Amino acid sequence: MVTTITNFGRSGLYDWLLQRISAVVLALYSVFMVVYLLLNPQLDYAQWDALFGMTSMRIFSLMALLSLGAHCWIGLWSVSTDYIKPFVFRFVFQMVIGVLMFVYTVWGVQLLWGL
Amino acid sequence: MSDKRPVNLDLGTFKHPLIAMVSICHRISGVVLFVGLVFLFCLFDTSLSGAAGFASAQDALQTSFVAQFITWGLLTSLGFHFSAGMKHLIMDVGVGEELDSANNAAKMVVGLTLILAVLAGVWVW
C-alpha cells in the first residue's frame, strides 16, 4: 500500500501534534509582538535593535520561525491535498511552499543574526 | 474498502452552517497570512537594516494607505486565525464538541474577530 509521503512528519498524528505545538508558539509570539508594539508607541530604532539583540528574544524568534515553517507546511499541505486533485499541480504547489518556507527560515535567521 | 461508498465532495452542493464557514475561513485566513509573510518579512528586514530603514518602515506605516491596509488585513486575518485556532485547541481537550456549544463557539469566534478588526483599524489609522 502506498501512503502519502509528502506530509511533514511521518504520520497524520505527528502532524496533528506538531500543528498544535507550533500554533501555541506562534500564538505566544504574535501576542507578545502586538502587546510590545502597543505598549511602545514611541518606539525608536535603538530600542527595536536592542530588543532583537537580546539572546532571549533571538531564541524566542527562532522558535517562532521554525514553528512558522512547520505550521505553514502542514496547513498548506492539508489545503493542497484537499483542493488540488491533479498530481502535477499539487506537487508543484507543494514544492513552491517548501522552497518559500526554506527561504523564509534562512532569511529570518539572517535577520536575527545579521550574518 | 468498498468502492460503492457514496462520494459527494462537490462543496457547491452543500449547505454551509456557521461552523463550516468558520472552518473554511480558518483555512482562507491561514493562506492570507502565508501570502502576507512576504510583506511582514520585508517590513521587518527594512526596520532592522539601520536607523534610516527603521524610519522608512515607520513612515510607510504612517503615511502609505496600501501598507496600512495590508497591515490591517493581516492583523484581522491573524485575529480570526488566532480565535479559530484557540477554539480548536479548546475542542481538542473535549470542551465544546456538542452541536449547541460548537455553534456558540463559532459565533464567539466571529464576534471576537469583528471586535479585533475594529481595534486593529483604530490602531493602524
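Because the structure is predicted, anything quoted here is derived from the model rather than measured.

Caption draft 1: Geometry of a nonpolar patch on the surface. On the surface, Phe87, Val88, Phe91, Val92, Met95, Val96 and Leu100 of chain A cluster together into a nonpolar patch covering about 650 Å² of accessible area. Residue position: valine 96 of chain A is located in helix α4 (residues 87-113).

Caption draft 2: Representation of the interface of chain B and chain A within the structure. In this assembly, 27 residues from chain B lie in contact with 31 residues from chain A. Together chain B and chain A conceal approximately 2,500 Å² of surface at their shared face, both sides included; 77% is due to carbon and sulfur atoms. Broken down residue by residue, the surface that chain B buries against chain A is led by Arg27, Phe34 and Phe41 of chain B, which jointly contribute 27%. A salt bridge links arginine 27 of chain B to aspartate 82 of chain A, with the nearest nitrogen and oxygen atoms 2.8 Å apart. In this assembly, chain B and chain A are joined by seven residue pairs in polar contact (both at pLDDT 80 or more). Mapped by element, the contributors of at least two residues to the side of chain B that touches chain A are α1 (18-47), α2 (51-63) and α3 (65-92) of chain B. If one sorts the elements of the side of chain B that touches chain A by residue count, α1 of chain B sits on top with 11 residues. Looking at the side of chain B that touches chain A residue by residue, the classes come out as 18 nonpolar, six polar and three charged.

Reading guide: rules and limits
Residues numbered from 1 in each chain as written. Chains lettered and ligands numbered in written order. Predicted model: local features only at pLDDT ≥ 70, side-chain atom pairs only at ≥ 80, totals over all residues. Heavy atoms only, no water. Patch = residues over 30% accessible without salt bridge, like charges linked within 9 Å, V, L, I, M, F, W, Y side chains within 5 Å. Areas by Shrake-Rupley, 256 points an atom, 1.4 Å probe, with all protein chains shown as cover. Salt bridge = Lys/Arg side-chain N within 4 Å of Asp/Glu carboxyl O. Helix = DSSP H or I, 4+ residues; strand = E, 2+ residues; numbered from the N terminus. Contact = heavy atoms within 4.5 Å. Buried area = accessible area lost by both parts, 1.4 Å probe. Polar contact = N/O pair within 3.5 Å; in protein donor to acceptor, adjacent residues only side chain to side chain. Nonpolar A, V, L, I, M, F, W, Y, C, P; charged D, E, K, R; others polar.

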